[in-house]
Amino acid sequence: MNEQQQTKVGIVVRRAILRAMLSMGIAAVLIGSTVGAASAQSLLDKVKNGETIRIGFSNEIPWAYPGENNEPLGFVNAMTLDILKKLGTTKVEPVVTEWGSLIPGLQAGRFDIITGGMFILPERCRNVLFTEPLGRGADGLLVPNGNPKALHSYQDVRDKGLTFVTAAGYDSVKYAQEVGIPDDKIMQVGGPAEILQAVKAGRADAGAGDYFTVKKFADEDDSVELADPFTPPVTGYPAFAFLPDQQATVDAFNAVMKGYIGSEEMMRTVARYGYTKASLPDGTKTADLCRQ
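Residues numbered from 1 in each chain as written. Predicted model: local features only at pLDDT ≥ 70, side-chain atom pairs only at ≥ 80, totals over all residues. Heavy atoms only, no water.

Colleague: What exactly am I supposed to notice about the pairing of strand 7 (residues 139-144) here?
Modeller: A regular strand places its side chains on the two faces of the sheet in alternate fashion. Burial of strand 7 is extensive: five of the six residues sit out of reach of the surface. Two elements, strand 7 and strand 10 (residues 206-210), share four bridges in a ladder whose sense is antiparallel. Its bridge partner lying in strand 10, Gly140 is registered against Gly209. Here three bridges tie strand 7 to strand 11 (residues 224-226), and the two strands are oriented antiparallel to one another. Its bridge partner being in strand 11, Pro144 is matched across the sheet by Val224. (Buried < 20%, exposed > 50% of the residue type's maximum accessible area, 1.4 Å probe, protein only. Helix = DSSP H or I, 4+ residues; strand = E, 2+ residues; numbered from the N terminus. Pairing = 2+ DSSP bridges.)

Laid out in structure tokens, this is it:
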């Protein structure tokens, strides 16, 4: 092969390589676009396409908790299943995690919706989209049997210089801080079971958690009781939570909830978990709660 022929062959080879590189580049762009589209897929799209909806919750009895074979139990999960069915699907995969990992897990794509009964708070509104409230509730204060320190409020815990236990990520951490309980007197643990153990073992003088949850502890364990009377720091409003780009999904949930919340169907579904008409939302709007 002479020099001129070698030059022509070299040009042809270089052009072939360039075409291959361009083709690969275009393919990469297309793949990237497809992945991006998949990651941005809404819950409504997943329902329409027959895909499984992943629900994220912690072990919060009776709000949302796992049963045998990870079955989603609790009144918020029961509501979720009803609403998803009305939207067109019964395909659900439960994902159980610690309370403090719920919002990070949603952001990381581990699940599509938080069903743990998360209260609507302004700082949470900056990270997730909430539906309208699905109920209302307040903390209960768990104390040793007989309430030996005579505790009836967060302020009592503060004024007596006592140790307060609650779970990391609970709104009760914020309330305790706002009341003025020092950080070194606020013990943050993994969840409800750890709150109970801290009070029983004497590592904490009082433990705060959702009223339904700590009432169940008090009903089943003679070594602890609920402080009574007790003045909770605030009334909370739980809701379903979604990623910020899921406004259409939130709108769809809200539309179904208008006819569902408080209905005979819903009350039959949640009665086994202790949810009563006293727990129904009172008309307070998510937009107002997010602005507070």
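Now that the structure has been shown, the text picks up again.
Colleague: Would you explain the sheet that holds strand 10 in this entry?
Modeller: Sheets are built from strands paired through backbone hydrogen bonds, the pairs being either parallel or antiparallel. Spatially, 9-8-10-7-11 is the arrangement adopted by the five strands of the open sheet, whose pairing is mixed. The sheet is open, and its two borders are formed by strand 9 (186-189) and strand 11, each paired with just one other strand. For this sheet, the mean angle separating the axes of adjacent strands, direction not counted, is 30°. Packed onto the sheet, helix 8 (residues 192-200) meets strand 7, strand 8 (164-167), strand 9, strand 10 and strand 11 and runs at close to 165° relative to strand 8. (Axes fitted to C-alpha atoms, helices over the stretch in contact; angles between N-to-C directions. Contact = heavy atoms within 4.5 Å.)

Colleague: What exactly am I supposed to notice about unusual backbone geometry here?
Modeller: Generally, phi is negative for residues other than glycine and the peptide bonds are trans, each holding for most cases. For the bond running from Ile61 to Pro62, omega is 5°, close enough to zero to count as cis. As for its position among the elements, Pro62 is in the loop between strand 1 (53-57) and strand 2 (65-66). Residue Asp228 is joined to Pro229 through a cis peptide bond whose omega torsion reads 5°. With respect to the helices and strands, the residue Pro229 is situated in the loop between strand 11 and strand 12 (238-242).

Colleague: I would appreciate a short explanation of helix 7 (residues 171-179) in the present structure.
Modeller: At 3.6 residues per turn, the α-helix brings residues three or four places apart onto the same side. Among all positions of helix 7, only Asp171, Ser172, Val173, Tyr175, Ala176 and Val179 are buried. Gly180 sits one or two positions beyond helix 7 and adopts a positive phi of about 110°.

Colleague: It is not clear to me how the state of the cysteines should be interpreted in this structure. Could you clarify?
Modeller: Working definition: the covalent bond between the sulfur atoms of two cysteines is a disulfide. This structure, assessed with the given rule, holds one disulfide. Put simply, Cys125 and Cys290 are joined by a disulfide, and their sulfur atoms are 2.0 Å apart. Classification of the bridge connecting Cys125 and Cys290 rests on its S-S torsion, roughly -75°, and on that basis the disulfide is left-handed. Linking Cys125 in helix 5 (residues 122-125) with Cys290 in helix 12 (residues 286-291), this pair joins segments that are 165 residues apart in sequence. Residue classification places Cys290 among the partly exposed positions, given a relative accessible area of 25%. (Disulfide = S-S within 2.5 Å.)

Colleague: Quick question: what am I supposed to make of the pattern of salt bridges here?
Modeller: Here the idea is simple: oppositely charged side chains can pair when their charged atoms come close. Scanning all chains against the criterion turns up eleven salt bridges. A salt bridge links Asp112 to Lys46; the shortest N-O distance between them is 2.8 Å. With a gap of 66 residues between them, Asp112 in the loop between helix 4 (102-107) and strand 5 (113-119) and Lys46 in helix 2 (residues 43-48) connect regions that are remote in the sequence. Since its relative accessible area comes to 14%, Asp112 is described here as buried. The exposure class of Lys46 is buried, given its relative accessible area of 10%. A single network of salt bridges, built from pairs that share partners, joins Lys46, Arg54 and Asp112. (Salt bridge = Lys/Arg side-chain N within 4 Å of Asp/Glu carboxyl O.)

Colleague: Just to check I follow, could you spell out the nonpolar core for this structure?
Modeller: A general feature of soluble globular proteins is that nonpolar side chains tend to end up buried together. Membership of the largest hydrophobic core comes to 33 residues, with the highest contact counts inside it found for Phe75, Met79, Phe240, Phe253 and Met266. Looking at this core, the elements with two or more residues in it are helix 2, strand 1, helix 3 (75-87), strand 5, strand 12, helix 10 (247-260) and helix 11 (264-270). No other element matches the six residues that helix 3 contributes to this core. Once you skip the residues sitting within four places of it in the chain, Met266 turns out to touch Met79, Tyr260, Ile261, Tyr275 and Leu280. With 31 residues, the next largest nonpolar core counts Ile120, Val128, Ala241 and Leu289 among its residues. (Core = buried A, V, L, I, M, F, W, Y, C linked by side-chain atoms within 4.5 Å.)

Colleague: Any chance you could explain the packing of aromatic side chains here in plain terms?
Modeller: When we look at a pair of aromatic rings, we describe it by the centre distance and by the angle of the planes. For the coordinates displayed, the defined rule picks out twelve aromatic pairs. One aromatic cluster in this structure is built from Trp63, Phe75, Phe119, Tyr211, Phe212 and Tyr275. (Phe/Tyr/Trp six-rings, centres within 6.5 Å; stacked < 30°, edge-to-face > 60°.)

Shape descriptors only; they carry no functional weight alone.
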